[in-house]
Amino acid sequence: MRLSLGQEMRQVQKQILAPRMIQSMEILQLPILALQERIEQEMQENPVLEQLEVDPDQMPEEAELPEVSPPEPIAESERELVIDESKPEADFERLVEMDEQWPEHFDEQTRPSRNRIEEESERHHDAMANLTDRPPTLQDYLRSQLAWFDLDPPLRAMCERIIYNLDSNGYLTTKNLQDLLGPEATEADLALANQALAVVQKLDPPGVGARDLRECLLLQLSAGMPFYEELRTLITNHLEDIKENRLPAIAKKTGYSLQTIHAALQELRKLNPKPGADFQEEFVPPVTPDIYVERDEDGNYKVRLEEGQLPRLTISSYYRRLLTDPQTNEQTREYIKRKLNSAQWLIDAISQRRNTLLRVAQAIVDHQKNFLEKGPEYIEPLKMQQIAQKVGVHVTTVSRAVDDKWIQTPRGIFPLKRFFCGGTLSADGDEVAWDTVRLKLQEIIANEDKHNPLSDEELVKELAKHGIHVARRTVTKYRKALRIPSSRQRREWSAVMGKVSPSSSSPHDS
């Protein structure tokens, strides 16, 4: 192979997306709130765009953009305004004339109506009223408790150092205090760190400052609680047996009866394995449906878009006139052309987004009618390719249309992607959705004999009785995805040793 540097001419074919196509795809993918922000940003950056006032009681389907009249001849008063310091009164007279001739541009567009001002004020007031105070963090809460202790400054500083090295669950991120102090730490520093750790572990919530689960649970034990000694033994030596539900093995090693072990485990469940988790601030993003599903008089489900807060855009007639003004210089004319094209592209992209989203959503609703009428367990298998063929668009267009979009149905709010799912063939040859398989699996496990739970092989047979034929590995995958323990871990042991029967767990069930 010869390597060389040089120039050569080559003829190739490439598919390059036009900027207008790229913008249409971006607009289609935006949810309603993001689209609203995008429009507001475009209106700030593009002076050609104006908001069209539409009656709020008028449905979006009924509201149409007015036709732009052809440009009129430029009047003398419409010439470019140039400040002449020698004749300021002439410029002021022209401003008055422009205000009288174009009241819709210099009055309504620049000075909002009283109703709009009140509406914006109420919206901002509601937004401010709904703001929540930032809750205290775990570190803030622990540092405030240090004021209860009479600590020397070095000890207090070490306590704060340990506090700021706790993770979100309240555990110390390092098990060895030497790693926290560094290689140059002395024996005195290590003794101070152990003393500070003991102080931190006395703080609320109980269990904070632990280095592992075993230490966390032991810190929460108190001498006065029921089964104190039994719990210390179980936590210290048998956490793995408890996790695997090996209660007879625990009874054999400790000499405790199964009844005592059951009672001790009830107390163990009252302890908190993650004492710092309550201080985590969970951010739940607001969900605003893009689409609403309503039932008409004939019993058919119809979709409509949420466009109440979406500004209706039009192109300024003032800039159209300015573009045809022969006195407008070429640089200004080119600037207006670019802004007009950008504005028209945005309006067309929003209109195309609306039409595509309506068609895609209606096709999804028509396919999932049983889901809306009977419930989630009646969802039908559906792929994006099916909707793309029905609507007549590319499958990537469907993917962008449903991305991050929510739909309000009579059964609640769901993401549009919720209605797409694969399936498997039933005994009758019909395709059954994977969601139906999961729901049926949960139902079978919920109704099984807890003293003799079903293995994954037995679950396969039970599903087959309901006409659902799947492989054992599929059942295992779904069971783990649903966080359902194995049959051995689901088993409830009898309190009397004589009633314990050999385990029925399959060797494949783990």
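Anything mentioned here points back to the structure above.
Let me sum up the structure you'll find in this document. If you're wondering where the values come from, they're calculated on a predicted model, not measured in any experiment.

Definitions and limits used
Residues numbered from 1 in each chain as written. Predicted model: local features only at pLDDT ≥ 70, side-chain atom pairs only at ≥ 80, totals over all residues. Heavy atoms only, no water. Salt bridge = Lys/Arg side-chain N within 4 Å of Asp/Glu carboxyl O. Helix = DSSP H or I, 4+ residues; strand = E, 2+ residues; numbered from the N terminus. Buried < 20%, exposed > 50% of the residue type's maximum accessible area, 1.4 Å probe, protein only. 1 Å grid on protein atoms, 1.4 Å probe; cavity = no way out; pocket = protein on both sides within 12 Å on 5 of 7 lines; lining within 4 Å. Points joined across faces, edges and corners; volume = space filled by probe spheres on them.

Some remarks on the pattern of salt bridges
Throughout the structure, instances matching the rule amount to 19 salt bridges. The residue arginine 143 makes a salt bridge to glutamate 160 at a minimum N-O spacing of 3.6 Å. Taken together, the positions of arginine 143 in helix H6 (residues 138–145) and glutamate 160 in helix H7 (residues 153–163) put the pair 17 residues apart, joining distant regions of the chain. For arginine 143, a relative accessible area of 34% corresponds to the partly exposed category. For glutamate 373, the salt bridge goes to arginine 295, with nearest N and O atoms at 3.0 Å. You can see glutamate 373 sitting in helix H17 (residues 369–374) and its partner arginine 295 sitting in strand E2 (residues 291–295), a full 78 residues away along the chain. The exposure class assigned to glutamate 373 is partly exposed, which follows from its relative accessible area of 31%. Arginine 295 sits in the partly exposed class, given a relative accessible area of 47%. Salt bridges sharing partners connect three or more residues here, namely Glu26, Arg38 and Glu42.

Some words on empty space enclosed by the protein
Scanning the model with the defined rule gives 1 cavity of 30 Å³ or more in all. There is about 30 Å³ of room inside the largest cavity. Lining the largest cavity, in full, are Ile364, Val365, Gln368, Leu372, Ile407, Thr409 and Phe419. Listed by contribution, the elements that provide at least two residues to the lining of the largest cavity are helix H16 (330–367) and strand E5 (406–409).

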